[in-house]
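Residue-level listing of the chains:
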Amino acid sequence: MFLKVKQQINLITDIPGPNSRRIMAELAEYESPAVTARHLARAQAGGMDCPIVWSKTSDIFVEDVDGNCFMDLTAGFGVASVGHAHPDIIKAAQQQMAEMPHAMGDAFPGKNKVLLLKRLAEITPGNLQRTFLTNSGSEAVEAALKTAMIKTGRPGIIAFEDAYHGLSYGALAVTSYRERFREPFLSQLNQHVHRLPYPTDKTNLNDFIQLLEATIQQNSIGALIIEPILGRGGIIEAPAIYLKKLREITQKYGIIFIIDEIYTGFGRTGTMFAIEQTDINIIPDLLCLGKGMNAGFPISAVIGTDDVMSGWGDAQGEALHTSTFLGNPVGCAMALTCIDLLENGVLANAKNMGDYFKAQLIQLQKSTPVIIAIRGRGLMLGIEFDPAHQKALLKLCKALLQRGLIILPCGVLGNILSITPPLTIQKTHIDIIIDILKIELTTFFSGRHCEECF
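Read on for a plain summary of the structure.

The rules behind the values
- Each chain carries its own residue numbering, running from 1 in the direction its sequence is written.
- Local features in this predicted model are restricted to residues of pLDDT 70 or higher, and side-chain atom pairs are both shown and tallied only at a pLDDT of 80 or more, whereas totals for entire chains, interfaces and linings draw on every residue.
- In computing side-chain properties, one takes all heavy atoms of the structure into account and sets aside hydrogens as well as water.
- Two kinds of site are reported from a 1 Å grid over the protein atoms alone, namely cavities, where a 1.4 Å probe fits but cannot get out, and pockets, open sets with protein on both sides within 12 Å along at least five of seven lines, and residues are called lining when an atom falls within 4 Å of a point.
- Grid points are joined across faces, edges and corners, and a volume is the space filled by probe spheres set on the points.
- Secondary structure elements are defined from DSSP: runs of H or I of at least 4 residues count as helices, runs of E of at least 2 residues count as strands, and each element is numbered from the N terminus.
- Here the term charged refers only to Asp, Glu, Lys and Arg, the term nonpolar to Ala, Val, Leu, Ile, Met, Phe, Trp, Tyr, Cys and Pro, and the term polar to all other amino acids, Gly among them.
- We call two residues contacting when some pair of their heavy atoms lies within 4.5 Å.
- A pair of strands is labelled paired if DSSP reports no fewer than 2 bridges between them.
- Simply put, an axis is a line fit to the C-alpha atoms, just over the touching stretch for a helix, and the angle between two N-to-C directions goes from 0 to 180 degrees.
- When describing relative orientation, an angle under 35 degrees is termed roughly parallel and one over 145 degrees roughly antiparallel, while 65 to 115 degrees is termed roughly perpendicular and anything else oblique.
- Helix crossings fall into two classes, left-handed where the near helix is turned counterclockwise from the far one by less than a right angle and right-handed where it is turned clockwise.
- For a helix, the expected span equals 1.5 Å multiplied by the number of residues minus one.
- Each reported salt bridge corresponds to a side-chain nitrogen of Lys or Arg within 4 Å of a carboxyl oxygen of Asp or Glu.
- Relative accessibility decides the category of a residue: with a 1.4 Å probe and only protein chains considered, values under 20% of the type maximum give buried, values over 50% give exposed, and everything between is partly exposed.
- Buried residues of nine kinds, namely Ala, Val, Leu, Ile, Met, Phe, Trp, Tyr and Cys, make up a nonpolar core once their side-chain atoms join them within 4.5 Å.
- Pairs were defined over the aromatic rings of Phe, Tyr and Trp, the Trp ring being its six-membered one, requiring ring centres within 6.5 Å. Orientation was assigned from the angle between planes: stacked under 30 degrees, edge-to-face over 60, tilted for the rest.
- A ring has a charge above it when a Lys NZ or an Arg CZ is no more than 6 Å from the ring centre and no more than 35 degrees off the ring normal.
- As used in this structure description, the phrase polar contact means that two N or O atoms lie within 3.5 Å; if the pair is within protein, one of them must be able to donate a hydrogen and the other to accept it, and residues adjacent in sequence are counted only when both atoms belong to side chains.

## Re the layout of surface pockets
- Reported here for the second largest pocket is a volume of approximately 730 Å³.
- Taken together, 23 residues form the lining of the second largest pocket, with Arg 130, Thr 131, Phe 132, Gly 313 and Ala 315 sitting closest to its centre.
- The set of elements that each furnish at least two residues to the lining of the second largest pocket consists of helix H5 (111-123), strand E4 (128-134) and helix H10 (306-309).
- Here the lining of the second largest pocket takes five residues from E4, the largest share from any one element.
- Taken together, the residues that form the lining of the second largest pocket break down as nine nonpolar, eight polar and six charged.

## Regarding the side chain of Ser 418
- Positionally, Ser 418 belongs in strand E17 (residues 416-419).
- The contacts of Ser 418, once residues within four sequence positions are left out, are Leu 73, Ile 235, Tyr 263, Leu 381, Ile 407, Leu 408 and Cys 410.

## Describing the sheet that holds strand E2 (residues 61-64)
- In spatial order, the strands read E1-E2-E3-E15; together these four strands make up an open sheet with mixed pairing. For this open sheet the edge positions go to strand E1 (54-58) and strand E15 (405-406), each flanked by a neighbour on one side alone.
- Two strands pair when backbone bridges link them, and strand E3 (residues 69-72) and E15 are joined in this way by two bridges, in the parallel orientation. By the bridge assignment for E15, Asp 72 is matched with Ile 406.

## Describing unusual backbone geometry
- The residue after Ile 15, namely Pro 16, is reached through a cis peptide bond having omega -5°.
- Along the chain, the position of Pro 16 falls in the segment before helix H1 (18-30).
- Residue Ala 75 is not a glycine yet carries a positive backbone phi of 55°.
- With respect to the helices, strands and loops of the structure, Ala 75 is situated in helix H3 (residues 75-78).

## Digging into empty space enclosed by the protein
- The full count for this structure, using the stated rule, is one cavity of 30 Å³ or more.
- For the largest cavity, the calculated volume is near 40 Å³.
- Looking at the lining of the largest cavity, its residues break down into five nonpolar, five polar and no charged.

## With respect to the sheet that holds strand E16 (residues 408-410)
- In space, the four strands of this open sheet follow the order E13-E14-E17-E16, with antiparallel pairing throughout. Lying at the two open borders of the sheet, with one neighbouring strand each, are strand E13 (371-377) and E16. The mean angle between the axes of side-by-side strands here comes to 30°, regardless of whether they run parallel or antiparallel.
- Pairing of E16 with E17 involves three bridges; the strand directions are antiparallel. From the neighbouring strand, Leu 408 faces E17, where its bridge partner is Ser 418.
- Relative to E13, helix H11 (residues 329-366) is tilted by about 175°, and along the sheet it contacts E13, strand E14 (380-385) and E17.
- The strands touched by helix H12 (residues 390-403) within the sheet are E14, E16 and E17, with E17 carrying the most contacts at an inclination of about 35°.

## Things to note about the packing of helix H4 (residues 87-99) against H11
- Axis separation between H4 and H11 bottoms out at 8 Å; the angle between their running directions is 155°. Our classification of the angle between H4 and H11 gives roughly antiparallel. Considering only the axes of H4 and H11, their crossing is right-handed. Across the interface between the two elements, Asp 88, Ile 89, Ala 92, Ala 93, Gln 96 and Met 97 of H4 pack against Pro 329, Val 330, Ala 333, Met 334, Thr 337, Cys 338 and Leu 341 of H11.

## A closer look at H5
- Helix length check: H5 (13 residues) gives 19 Å between terminal C-alpha atoms against 18 Å at 1.5 Å per residue, within 8%.
- The inward-facing, buried residues of H5 contact H4, E4, strand E11 (286-289), strand E12 (300-305) and H11.

## With respect to the pattern of salt bridges
- Applying the stated criterion to the full structure yields 13 salt bridges.
- One salt bridge connects Arg 182 with Glu 179, and the closest N-O pair in it is separated by 2.9 Å.
- With a relative accessible area of 42%, Glu 179 lands in the partly exposed category.
- A single salt-bridge network, built from bridges that share partners, covers Arg 119, Glu 122, Asp 340 and Glu 343.

## Re the nonpolar core
- Core analysis: the biggest nonpolar cluster contains 90 residues, and Leu 116, Leu 120, Phe 266, Phe 357 and Leu 361 have the highest contact counts within it.
- The element contributing the most residues to this core is H11, with 16 residues.
- Setting aside anything within four residues of it in sequence, one finds Phe 357 in contact with Leu 379, Leu 381, Ile 419, Pro 421, Ile 425, Ile 430, Ile 433 and Ile 434.
- The next biggest cluster of nonpolar side chains, apart from the first, holds 28 residues, and it includes Val 174, Leu 189, Met 309 and Trp 312.

## Let's talk about the pairing of E12
- By the criterion of burial, E12 is predominantly enclosed, with six of the six residues buried.
- Both E4 and E12 contribute to a ladder of six bridges, which runs antiparallel. By the bridge assignment, Leu 128 is partnered in E12 with Thr 305.
- Sheet topology places E11 next to E12; four bridges connect them, and they run antiparallel. Bridging from a neighbouring strand, Leu 289 pairs with Ala 301 of E12.

## Observations concerning the packing of aromatic side chains
- Under the criterion given, the structure shown has eight aromatic pairs.
- Aromatic side chains Tyr 164 and Tyr 177 sit 5.9 Å apart centroid to centroid with 85° between the ring planes, which places their arrangement in the edge-to-face category. Placement of Tyr 164 in the loop between strand E5 (156-160) and helix H7 (169-172) and of Tyr 177 in the loop between H7 and strand E6 (193-196) is noted, with a sequence separation of 13 residues between them.
- Relative accessible area serves as the criterion here: at 4%, Tyr 177 is assigned to the buried category.
- Here the guanidinium or amino end of Lys 427 rests over the ring plane of Tyr 356, the centre of that ring lying 4.9 Å away.

## Topic: the side chain of Asn 415
- Mapped onto the elements, Asn 415 comes out in the loop between E16 and E17.
- Of note is the side chain of Asn 415, whose polar atom sits 2.7 Å from the backbone oxygen of Phe 385.

Pasting the structure below:
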């Protein structure tokens with residue numbers, strides 16, 4: 001089930017290496033400047049701000065084009081749930097590619113689409129059973145919002161501050177993470193979105209309920225969307241009691257309750273879905289999924305109850321909502337294999353290693369005063385620093401890359417180190433990571449590096 005990976009951190013050039021700098025300089029000449037132009041001058045000058053360019057992956061390891069080997073603490077934005085390039089996933093993809101790489105989703109589907117939809121109905125909680133397959137997290141969110149609108153006929157949407165639901169137009173309207181993402185497009189975005197503060201353990205419950213009900217009563221609200229744990233927003237958990245109240249109030253007013261588990265789903269928090277970790281039976285009307293769903297191929301989904309999905313009515317000729325690659329046979333084959341791997345050991349490992357990793361980070365916190373808190377569940381963890389250390393954190397991530405760790409900051413203020421490795425990580429890997437963190441945190445927050453960052 002788990003790979004016996006013989007790889008280890010192995011750095012043989014300066015980081016980034018010459019090949020990474022050369023390729024990034026070339027990429028910056030052809031890709032939209034919104035993505036890579038900022039790296040051009042740095043790459044040409046040999047600066048460390050240039051990213052590494054990936055070449056090969058295996059389990060929790062990434063090899064770059066210069067032959068350097070790193071541990072990946074991002075799982076490729078949370079995608080590599082069962083590890084990078086798991087041989088069972090690759091085999092499923094190769095077999096399906098050889099037989100049929102593409103079908104016609106809503107017109108003439110492949111059999112894997114049917115098998116996957118049935119499997120999703122089996123593994124999701126409650127009576128969620130009807131699915132829209134989509135290609136990205138943003139698309140899953142947009143399909144959910146369209147479903148709510150067509151079911152209720154009410155345009156209003158409640159979303160939450162610091163949320164990240166994607167950057168395409170429909171999803172961007174409900175995304176709050178980083179205001180600058182929305183600012184250039186505000187005039188074209190959905191004007192019916194109402195934002196409330198994201199609930200935390202510091203939120204007053206009565207005040208939260210009063211604000212929520214007032215917003216509902218003053219507007220024509222048809223949907224409410226929330227992440228059970230903010231991902232890019234800083235690894236912040238919504239307490240179960242608040243999710244319960246959201247479920248109760250949305251039912252009271254006939255509002256479609258959407259939970260976005262694109263990041264938290266498929267084992268990231270130690271169970272298949274984060275909402276399964278409470279004992280108060282929080283079942284949404286619609287559940288958005290993606291990222292770790294098949295460990296490496298564009299696929300996502302929104303699954304809902306029969307009642308809510310029935311709002312669409314039966315398809316009349318052309319479907320009202322579809323896409324060219326809906327239910328791609330390769331992606332579906334990979335997802336089926338990924339679910340099997342999760343259920344046959346990877347989920348348990350995510351829980352156990354998550355507990356171990358968090359315990360080690362808490363010990364690290366005790367000897368590192370600049371760490372404010374350790375947050376999260378399973379292998380979705382965050383190390384919180386004072387927001388004043390934002391610049392230091394950016395430099396710290398670059399220094400950790402030069403030590404062989406791929407890690408990114410998150411949070412609206414950029415003051416959280418996000419730890420979301422592949423769910424196949426082992427204790428030996430975690431111990432190495434903790435040792436590297438100890439060294440770099442001591443270096444950065446006790447001497448000249450810290451002074452340079454303020």
